[in-house]
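Each chain, written out:
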Amino acid sequence: MSLSSDESKPIRSGEELNIDALEAFLNEALQTDGAQKLVVEQFPSGFSNLTYLIKLGAQELVLRRPPFGYEKIAKGHDMGREYKVLHSLQPHYPKAPRPLVYTENTEVIGAPFYVMERVKGIILRARQDTGFDQATNQRFYQNFIDNLADLHNLDLNATGLADLGKTEGYLQRQVEGWIKRYKNAQTDDIPEMEEALAWFPQNIPQTSYNALIHNDYKFDNIVLDPTDPTQIKAVLDWEMTTVGDALSDLATALAYIPEEGDPAASLVNFSIKIRPGALNREELLALYQERTQREAHDMVFYYAFAIFKLGVIIQQIYFRYKKGFTQDQRFAPLIFMVKDCGKMSSLAIRSGRIRNF
């Protein structure tokens, strides 16, 4: 097995930061001993908020900022909200990275941003082959879902985040909001996406229980321990965290897990290579129910909606590319992934299952 730590790269063209202004800001905000020189690189993966490696003297930190053109789709790019979540979670959930400083002053790098500690470890990227044997792979999947259950079992009042989201009418707002986001970013006619968005408003289930939900919990948003890659050191990318329906968060995690035989081939590009020992979506669902001691109902709705939301997120990124807000050529073929999300969502609805459609 050969897994390496996540590596930074030179900054992509068009996504540079004002190094001089940032250096001055960080030396003052972090109260460094003298003026430390700043070196900035970029973590190249990810399609949403931009993440940079900040080397300030001997310190290695991580900077998070919204994508260029974020003003058009600011929802989900609130750096202050993400900073608040990380700060509040520190005493209760040690797998949240420690935040250090946040600013809304756009004169520094052109957008609000925050800086946090860097948690070194392994991040599994799309299409990566872990090399795990069957037993190791099974343990990895079990730990992945156990960690999500741990998050959902947090005492909301103890964290001080109970008012982060409005639980009443949560799913109704979600359905209405994501349909609106899709319409606002739509570039192509995709019948399966239209079929799904017409079905959701008539089939919203009753929420069983609410929790602090990550809303983007997936393999490449966790940092693994290099000494034992089945163990999770940290969870990243908290920008969409809120308080809401816990099963919607579970379904989001399941939406990022492809299986052999899934009819939407392009979605394997969002996950690691499928190896023996990988738990399927129904097995992960059963494990979650056992770990939380709660029953998960109406999972066809939750899963179909989660896949639809993934399609909307990809559509929004593709929209930015089409409008020229980014020149990142990775975004050019994303419309095919939107179509595959529509296919998976509509198949789940038609079949009444979350796998083996």
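Just so you know, these numbers come straight off a predicted model, no measurement behind them. (Residues numbered from 1 in each chain as written. Predicted model: local features only at pLDDT ≥ 70, side-chain atom pairs only at ≥ 80, totals over all residues. Heavy atoms only, no water.)

K.L.:
Which residues make up the overall build of the protein, and what values do they have?
P.N.:
In terms of regular secondary structure, the protein is built from 10 helices and nine strands. Taking 357 residues into account, the globule formula puts the C-alpha radius of gyration at 21 Å, and the protein, at 20 Å, falls close to it. Overall, the C-alpha framework of the protein stretches about 65 × 45 × 40 Å when taken along its three principal axes. Looking at the protein residue by residue over its 357 residues, the buried ones come to 54%. Put simply, the protein shows about 15500 Å² of open surface, and 46% of that area lies on carbon and sulfur atoms. Of the charged side chains in the protein, 39 are positive and 47 negative; the average position of the first set lies 3 Å away from that of the second. (Helix = DSSP H or I, 4+ residues; strand = E, 2+ residues; numbered from the N terminus. Rg over C-alpha atoms; globule rule 2.2 N^0.38 Å. Buried < 20%, exposed > 50% of the residue type's maximum accessible area, 1.4 Å probe, protein only. Areas by Shrake-Rupley, 256 points an atom, 1.4 Å probe, with all protein chains shown as cover. Lys, Arg positive; Asp, Glu negative; His and termini not counted. Charge placed at Lys NZ, Arg CZ, Asp CG, Glu CD.)

K.L.:
Would you mind going over the nonpolar core in detail, with residue names and values included?
P.N.:
Membership of the largest hydrophobic core comes to 92 residues, with the highest contact counts inside it found for M299 and F308. Residues within four places of M299 in sequence aside, it is in contact with L247, L250, A251, L254, L285 and I354. (Core = buried A, V, L, I, M, F, W, Y, C linked by side-chain atoms within 4.5 Å. Contact = heavy atoms within 4.5 Å.)

K.L.:
Kindly report on the sheet that holds strand β4 (residues 99-103), identifying the contributing residues and their values.
P.N.:
Taken in spatial order, the five strands make up an open sheet running β1-β2-β3-β5-β4, and their pairing is antiparallel. At either margin of the open sheet sits one strand with a lone partner, and together these are β1 (38-42) and β4. Sheet twist, expressed as the average angle between the axes of neighbouring strands with direction ignored, equals 25°. Relative to strand β2 (residues 50-56), β1 runs antiparallel, the two being bridged by five bridges. The residue bridging Q42 from the neighbouring strand is Y52, located in β2. Relative to β1, helix α1 (residues 19-29) is tilted by about 115°, and along the sheet it contacts β1, β2, β3 (59-65), β4 and β5 (113-117). On top of the sheet, helix α2 (residues 79-89) reaches β3, β4 and β5; it is set at about 155° to β4, its chief contact. (Pairing = 2+ DSSP bridges. Axes fitted to C-alpha atoms, helices over the stretch in contact; angles between N-to-C directions.)

K.L.:
How would you explain the packing of aromatic side chains if you had to name every residue and give the values?
P.N.:
What the rule picks out here adds up to 22 aromatic pairs. Relative to Y141, the ring of F140 lies with its centre 5.6 Å away and its plane at 85°, an arrangement referred to as edge-to-face. The class of F140 is buried, set by a relative accessible area of 1%. An angle of 20° between the planes, with centres 4.5 Å apart, marks the rings of F144 and Y217 as stacked. One end of the pair, F144, is in helix α3 (residues 134-152); the other, Y217, is in the loop between β6 (210-213) and β7 (222-225), and 73 residues separate them in sequence. By relative accessible area, F144 is classed as buried at 1%. Ring-pair connections join several aromatic residues into one group, and the members of that group are Y182, W199, F200, F301, Y302, F305 and F308. (Phe/Tyr/Trp six-rings, centres within 6.5 Å; stacked < 30°, edge-to-face > 60°.)

K.L.:
Provide a residue-level description of unusual backbone geometry, including the pertinent values.
P.N.:
A positive phi is found at N215, a non-glycine position, where the angle reads about 75°. As for its placement among the helices and strands, N215 is situated in the loop between β6 and β7. You can call N215 buried: its relative accessible area is 11%. If you check the backbone angles, D298 has positive phi at about 55° while not being a glycine. Of note, D298 is situated in the loop between α8 (281-292) and α9 (299-322). With relative accessibility at 44%, the residue D298 sits in the partly exposed group.

K.L.:
Tell me about the side chain of K218, residues and numbers included.
P.N.:
With respect to the element layout, K218 can be found in the loop between β6 and β7. For K218, a relative accessible area of 13% translates into the label buried. Excluding residues that lie within four positions of it along the chain, K218 makes contacts with F144 and Y256.

K.L.:
Please give an account of the packing of helix α7 (residues 246-255) against α9 that cites residues and values.
P.N.:
Between two packed helices, both the angle of their axes relative to each other and the distance between the axes serve to describe the pair. Across the interface, α7 lies against α9 with an axial gap of 8 Å and an inter-helix angle of 60°. When the axes of α7 and α9 are compared, the pair comes out oblique. In the packing of α7 onto α9, the handedness of the crossing is right-handed. Residues L247, S248, L250, A251, T252, L254 and A255 of α7 touch α9, and the partners they reach there are M299, Y302, Y303, A306, I307, K309 and L310. A breakdown of the residues in the contact of α7 with α9 according to their chemical character gives 11 nonpolar, two polar and one charged. (Parallel < 35°, antiparallel > 145°, perpendicular 65-115°, else oblique. Left-handed = near helix turned anticlockwise from the far one by under 90°. Nonpolar A, V, L, I, M, F, W, Y, C, P; charged D, E, K, R; others polar.)

K.L.:
Kindly report on the environment of Q90, identifying the contributing residues and their values.
P.N.:
Note that Q90 resides in the loop between α2 and β4. Remark: the alpha-carbon pair of Q90 and I109, spanning 19 residues in sequence, is separated by 27 Å. The residues contacting Q90, other than those within four sequence positions of it, are A96, P97, R98 and P99. At 2.8 Å, the side chain of Q90 forms a polar contact with the backbone oxygen of A96. (Polar contact = N/O pair within 3.5 Å; in protein donor to acceptor, adjacent residues only side chain to side chain.)

Keep in mind that these numbers describe shape and distance, not what the molecule does.
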